[in-house]
Amino acid sequence: ALATLEDKTFASWVADNQLVAVHLTEQWPNLAWTNGQEEMAGRTYYWRWHGIETADPQFRAIDVEVRDAEKAPDPRATLRSYVSKY
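Residues numbered from 1 in each chain as written. Predicted model: local features only at pLDDT ≥ 70, side-chain atom pairs only at ≥ 80, totals over all residues. Heavy atoms only, no water.

A. Fine view of the environment of N30. Mapped onto the secondary structure, N30 falls in the loop between helix 1 (2–25) and strand 1 (34–40). Taking the C-alpha atoms as reference, N30 lies 5.9 Å from H50; in sequence the two are 20 residues apart. Each residue touching N30, except ones within four places of it in the same chain, is listed here: W49, H50 and G51. (Helix = DSSP H or I, 4+ residues; strand = E, 2+ residues; numbered from the N terminus. Contact = heavy atoms within 4.5 Å.)

Have a look at this one:
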């Protein structure tokens, strides 16, 4: 119960970190998945994100998924945000 809540909280922070990193690069997000891992609170989380085309060519959605195991079937956290073309 508490451990699961902590795990989901840390995973959501990892997702937030990835969105910040994408925004800071000021590059148009790829449509292909970008993968990596991040240490948070003594645990390794596996993240991936990709851009998604929208109806407006000046905007792209970004979906981020974070798992607590590299091959876990379901993400611990998911997040969607939008960026405008730079």
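Additional details are given in the paragraphs that follow.
B. Fine view of the environment of G36. Note on placement: G36 falls in strand 1. Considered as a pair, G36 and Q58 are 22 residues apart in the sequence and their alpha carbons are 27 Å apart. Other than its neighbours up to four places away in sequence, G36 contacts Y45, Y46 and W47.

C. Broad picture of unusual backbone geometry. Non-glycine residue E26 carries a positive phi angle of around 55 degrees. Structurally, E26 can be placed in the loop between helix 1 and strand 1. With a relative accessible area of 53%, E26 lands in the exposed category. (Buried < 20%, exposed > 50% of the residue type's maximum accessible area, 1.4 Å probe, protein only.)

D. Just the pairing of strand 2 (residues 43–53), in detail. Across seven bridges, strand 1 lies against strand 2 in antiparallel orientation. Bridge assignment links G36 to a residue of strand 2, and that residue is W47. In this structure, the hairpin formed by strand 1 and strand 2 is closed by a connection of two residues, where A41 is found at a positive phi of approximately 55 degrees. In the sheet, strand 2 pairs with strand 3 (residues 59–67) via eight bridges, with the strands oriented antiparallel. By the bridge assignment for strand 3, W47 is matched with V66. (Pairing = 2+ DSSP bridges.)

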